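A closer look at the structure
This is what each chain is made of:
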Amino acid sequence: MAISVIGEFKDPTELLRAAKKTNKAGYKTFDAHSPFPIHGMDDAMDLKGSVLGWIVLCGGLTGCVAGFGLQAWVATEAYPLVISGKPLFSYQAFVPVTFEVTVLFAAFAAVFGMFGLNKLPQLYNRLFKHRDFSKKAASHGFFVSIASELDSDEASIVDFLKSIGATNVSGVKE
Amino acid sequence: MNRVIAEDPSKRTTLILGGHDFEGISDLVVKPIETKAPKWWHIALAFSFSLLMLLLSMIGFLIWEGVGVWGLNNPVSWGFAIVNFVFWVGIGHAGTLISAILFLFRQKWRTSVNRFAEAMTIFAVICALVFPGIHVGRVWVAYFMFPIPNQMSVWPNFRSPLLWDVFAVSTYFTVSLLFWYVGLIPDLAVLRDRAKTKIKKVVYGIFAMGWTGGNRAWQNYERAYLLLAALAAPLVLSVHSIVSFDFAVSQVPGWHTTIFPPYFVAGAIFSGFAMVVTLMILARQLFGMKDIMTMHHLECMNKIILATGTMVGYAYGMEFFTAWYSGNEYESFAFVNRAFGPYAWAYWIMISCNVLFPQLFWFKKIRTSIPAMFVISITVNIGMWFERFVITVTSLSRDFLPSSWGYYSPTWVDLCTFLGSFGLFFTLFLLFLKFLPMIAISEVKGVMPEAHAHDVKEGH
C-alpha cells in the first residue's frame, strides 16, 4: 500500500519555499502543485532538465527522412513522371513537403512525448481523494504532495509538512 | 473603459484589470460555461446553424449536378472556391502567430487573446479545407491528393505546388489543433474540478487526462509548449508562402512574381488579426471579459493590423513597379488591367479597404475607439477577400491571347456556398464560446504580478 500526504500553502512564494525545504529534508517522491508553472520551481525542487527536446529532435529527423524519402522514391521508382523535362530526382521541389512532414512529426513527438514523460492520460490518481486538492489545485490552490510506499510514514510526513508551514494537511491512501 | 495605457513608458502596462485574485480569474472565465447560455447565443447559433445547412445543401447540389453549377468558365477556371480557400486560410493565420511567434518574443499580452485566436484559426482552416475538397469536382476521388498506395499504382506529383499545399494546410491544421489542445489541458482540469454534473465531470475529466498541476509535469509541459511554438513559428510563415506558390509557380501574368510569399503572409496576418479584433470586441462585451481583454490588448492588435496593412500596401505598389520595370508587356498589361480593366471596381474596393482605412490607426483616438476599430476590422476582411478575388480572377480573365479572354461572374450557388461557410465558422465558434474557456486561464494567471515567487536567497 502506498500513501500520499498533501499540505496546502498560501501563495507561489510559500510553495517555492516549501518545495526547497522538502527537497532539503531528503524527500525524493514529492511534487509541488500549482495552477500555473512557477518560475524557479525546477531549481527549488532540484529537477534535472526535461529530456523532451531530444524526443522532438528524433521525431523531426524521422519526419525529415520519411518525407524526403517518400518523395524521392515516388518520383524515381514508384511513379516516374517527366515534368517539363526536369530530372526525375529534382530535390529542389521536394523541400516544401520535406519541411512540412518534419514539422508534423516533430509536433507529434512534442505532444505525445510530453504525455509519455508526464504519464498522461492518468485515469486514477489518489491525490484527488484530498477534498481541497481536488477542488483547488488546478484553479487557485498551492499544494505539496509527498508520496511514500510505507503507510507507517504518514505520521512523520504530516509532522514535517506542518513544521514547514502547511495547512490543511492530510494523508490519502491508495 | 478607462485609459489603461501606461503613460510612463518605463512601466509595464497592467495586463489584467479589476483586482481579481486567482480564483476570481477562474470564476470570470468559466462563468459563460457554468451559467445558462444567454438568449442572443441561442439566436446566433440558430442563425449560424441554418447557414451551415445552406452550405451542406450547396455542397450536396454541387456533387449531384457537377461543377457546372458554379460560374467557372474557360479562361477563369479558378473562381470563388479558390478565393474563399485563400481567404479562410489567411484568417487562420492569426491564431498560430499569436500563440507561437508572440510567445517566442515574450509578448505577455498575448495570454488574454491566444486561446480565442487559436480556436478561430482552427475553425477558419476547417472552412478553408472544405473548398479545395469540393473544387476537385469528383469529390469521391479526393483521396488522390494523398500519397496512399492504390490499386492503380498511381502516386501524386510531388513537384506540383498544389500538392505542397495539401501537405502545408493539413500539417498546419494538425499542429494548430495539437497546440490548442496542449494549451487547453490545465484549463480543462479547472473545468473538471469545478464540474457540478457527472457528465461534465467525466467529459472534461477525460480531456484533462488527470492533470494535477504538479511541477514535474509543468516542466515537461512548458518545454513541449516552447518546442511547439518554435515549430509552429516557421510553419505559420510557410503555409501562406506555399499557398502563394499555387499562383507564383505558374506562368500567368500577375501571378508569376517572387514577391508573393511575403506579400501573402503579411496579408494573412492582416486579415487574421482583423477577424480576431471583430470577434474579440463582441465577446468581451457580451461575456463581460473586459478586465482580461482590455483596451491595451485591442490597441496592440490594432498596431499589428496597421503594420501588416502597410506592408500589404507596399506590396501592391511594388507589384506595379516590378511590372513596369520588368519591361514585360504582358506583366504591365496585367496590372493596368487590374486597376482600370473590367474588374477595376473590385480593385478599388481592395485598395480602399486594405490600404486606406487601416491607416487611420495611426491616430490613437481611432486605435482605442471600439466603434472605429470594429468598422475598420470588418472593412479589412472585406478588402482581403477582394484581394484574393482580384489576384485570382483578373489574371485568368485576361491572359496572353485576347481571343481567349472572358468575364467571370459567380452564380447563386457560389454566393450561397460562400455565405454558408460563415455558418460553419460561427457554429463552431459559438459552441467553443459555450463549452470551452475562451481565455487561457492558467496562462493569464501566470502573467499576474502575484504569480511570481519572491524567494530567491533562502536555501542557496
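Computed from a prediction, not measured in an experiment: that's the story for all the values here.

All right, on to the overall build of chain A then. From N to C terminus, chain A includes six helices and four strands. Its helices and strands taken in sequence order, chain A reads β-α-β-α-α-α-α-β-α-β from the N to the C terminus. In terms of C-alpha radius of gyration, chain A reaches 25 Å, well past the compact-globule figure of 16 Å for 174 residues. Across its three principal axes, chain A shows a C-alpha extent of roughly 80 × 30 × 30 Å.

Moving on, we come to the nonpolar core. Formed by 194 residues in total, the largest nonpolar core has its most connected members in Leu161 of chain A together with Trp88, Phe116 and Phe389 of chain B. Filtering out sequence-adjacent residues up to four positions away, Phe116 of chain B remains in contact with Val276, Leu279, Met280, Ala283, Met293, Phe429, Phe432, Leu433 and Met438 of chain B. Counting residues in hydrophobic clusters, the runner-up holds 14 residues, among them Ala93 and Val97 of chain A together with Trp155 and Ala168 of chain B.

Within the element layout of this structure, Asp31 of chain A appears in strand β2 (residues 30-33). Buried and unpaired, Asp31 of chain A has no salt bridge, with Arg216 of chain B as the nearest side chain of opposite charge at 4.3 Å. Within polar-contact distance, the side chain of Asp31 of chain A engages the backbone nitrogen of Asn215 of chain B at 2.8 Å. In this structure the side chain of Asp31 of chain A is engaged in a polar contact, spanning 3.2 Å, whose partner is the backbone nitrogen of Arg216 of chain B. The contact partners of Asp31 of chain A, leaving out residues within four places of it in the chain, are Met45, Phe143, Val144 and Ser145 of chain A together with Gly214, Asn215 and Arg216 of chain B.

Residue and element names in this part refer to chain B. Helix length check: helix α14 (residues 370-397) (28 residues) gives 40 Å between terminal C-alpha atoms against 40 Å at 1.5 Å per residue, within 8%. Among the 28 residues in α14, 21 count as buried, and that is most of the element. A side-chain oxygen of the first residue of α14 lies 3.2 Å from the backbone nitrogen of Ala372; this N-cap is Ser369.

Definitions and cut-offs
- Residues numbered from 1 in each chain as written.
- Chains lettered and ligands numbered in written order.
- Predicted model: local features only at pLDDT ≥ 70, side-chain atom pairs only at ≥ 80, totals over all residues.
- Heavy atoms only, no water.
- Helix = DSSP H or I, 4+ residues; strand = E, 2+ residues; numbered from the N terminus.
- Rg over C-alpha atoms; globule rule 2.2 N^0.38 Å.
- Core = buried A, V, L, I, M, F, W, Y, C linked by side-chain atoms within 4.5 Å.
- Buried < 20%, exposed > 50% of the residue type's maximum accessible area, 1.4 Å probe, protein only.
- Contact = heavy atoms within 4.5 Å.
- Lys, Arg positive; Asp, Glu negative; His and termini not counted.
- Salt bridge = Lys/Arg side-chain N within 4 Å of Asp/Glu carboxyl O.
- Polar contact = N/O pair within 3.5 Å; in protein donor to acceptor, adjacent residues only side chain to side chain.
- Expected span 1.5 Å × (residues − 1).

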